[in-house]
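Secondary and tertiary structure notes
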Amino acid sequence: MSCQHLTEPGGAEPSTTTECPDCVAVGNDDWVHLRACLSCGHVGCCDSSPYQHATKHFESSGHPVMRSVQPGESWRWCFVDEEIG
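A short tour of the structure in this document, coming up. Owing to the predicted nature of the structure, the values given are computational and were not obtained by experimental measurement.

With that settled, the discussion passes to helix H2 (residues 53-61). The set of residues buried in H2 consists of His53, Ala54, Thr55, His57 and Phe58. At its buried positions, H2 is contacted by helix H1 (21-25), strand E1 (34-37) and strand E2 (43-45). Note on H2: the residue one or two positions beyond its end, glycine 62, has a positive phi of about 80 degrees.

Shown next, in the form of structure tokens:
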């Protein structure tokens, strides 16, 4: 693994594990999976969801790493280096 972002400690707790707050705010309930930002805990929907709020959070914040909050999943994704860890 060549991505340093994935090895840095980061463990902000997810703000929720049951819904995409950005989708709820626009009246959408059609998200697929949830992702949490390790820098701030913001939760957004994955890129398979119509609004792709996790990626939009990276684009607006620059926070590099998110993790899955799906039960049984523990992987992380670095937006900067496009690596999974």
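A separate point is the sheet that holds strand E4 (residues 76-78). The antiparallel open sheet is built from 5 strands, whose spatial order is E2-E1-E3-E4-E5. Among the strands making up the open sheet, the edge pair consists of E2 and strand E5 (83-84). Bridging between E1 and E2 involves 3 bridges; their strand directions are antiparallel. From the neighbouring strand, leucine 34 faces E2, where its bridge partner is cysteine 45.

Scoring rules and cut-offs
Residues numbered from 1 in each chain as written. Predicted model: local features only at pLDDT ≥ 70, side-chain atom pairs only at ≥ 80, totals over all residues. Heavy atoms only, no water. Buried < 20%, exposed > 50% of the residue type's maximum accessible area, 1.4 Å probe, protein only. Helix = DSSP H or I, 4+ residues; strand = E, 2+ residues; numbered from the N terminus. Contact = heavy atoms within 4.5 Å. Pairing = 2+ DSSP bridges.

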